[in-house]
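As a plain string of letters, each chain reads:
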Amino acid sequence: MRLLTHNMLSSNIKGVANGFPLGIEVEKVIEKQVELSADFLRNLFPKIEWKALVDAARTMGYAELPEEVDSSMLDSNEFLTKFHHALLELHLEEGALVCPETGRRFPVTKGIPNMLLHEDEV
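For the structure given in this document, a descriptive report is provided here. Since the model is a prediction, treat every value here as computed from it, not as a measurement.

Considering the sheet that holds strand 4 (residues 112-113)
Reasoning step 1: Strands sit in the order 1-2-3-4 across an open sheet of four strands; the sheet is antiparallel. Strands with a single pairing partner mark the edges of an open sheet, and in this sheet they are strand 1 (23-31) and strand 4.
Reasoning step 2: As judged from the eight bridges shared by strand 1 and strand 2 (residues 90-98), these two strands associate in the antiparallel manner. Across the sheet, Ile-30 pairs through a bridge with His-91, a residue of strand 2.
Reasoning step 3: Each of strand 1 and strand 2 is contacted by helix 4 (residues 77-89), which is oriented at about 60° to strand 2, the strand it contacts most.

Here is the structure:
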C-alpha cells in the first residue's frame, strides 16, 4: 500500500468522529521504483494532508520530508524527488492500519489494506 493510499483512507466505524489519519504498524516495507511525473505531483499536492504524509513516512523509516511546505517548493527537483519517493515508492507490504479513535486494527497483507468492518461496526 502506497502512502498516497494511506493519505486518502480513514476509519468509518460507526460512532467514530475522527478516523483520520490512520496509524501505521509496520511489519514489512518495500520500495518499488516508479517514474517521476512532476506534473502529477504538482496537481496532487493540494489534496495531500501533509502532516499525515510526513508522520506516515517517518513511521515507515523515511525522514527526508520537511515538516512545513508550501506550493513554491514544487519548483524544486530535490523536493519533488523526496515527495515522489514517500508518496509513490514506499509500500507497506505487511502490517496494519490503526483507527486513531478506537484502536481497531485493519490488517495490510501483500500490500492490500483490509478495511472491511465487522457487523457491529457498521
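Read on, since the account is not over.
Quick notes on the side chain of His-6
Reasoning step 1: Mapped onto the secondary structure, His-6 falls in helix 1 (residues 3-8).
Reasoning step 2: Setting aside residues up to four positions removed in sequence, His-6 forms contacts with Met-1, Phe-20, Pro-21, Leu-22, Ile-24, Ala-52, Ala-56 and Leu-97.

Observations concerning the environment of Thr-81
Reasoning step 1: Checked against the element boundaries, Thr-81 lands in helix 4.
Reasoning step 2: Separated by 12 residues in the primary sequence, Thr-81 and Val-69 place their C-alpha atoms 14 Å from one another.
Reasoning step 3: Reaching out from Thr-81, the side chain makes a polar contact with the backbone oxygen of Asn-77 at a distance of 2.8 Å.

About the cut-offs
Residues numbered from 1 in each chain as written. Predicted model: local features only at pLDDT ≥ 70, side-chain atom pairs only at ≥ 80, totals over all residues. Heavy atoms only, no water. Pairing = 2+ DSSP bridges. Helix = DSSP H or I, 4+ residues; strand = E, 2+ residues; numbered from the N terminus. Contact = heavy atoms within 4.5 Å. Axes fitted to C-alpha atoms, helices over the stretch in contact; angles between N-to-C directions. Polar contact = N/O pair within 3.5 Å; in protein donor to acceptor, adjacent residues only side chain to side chain.

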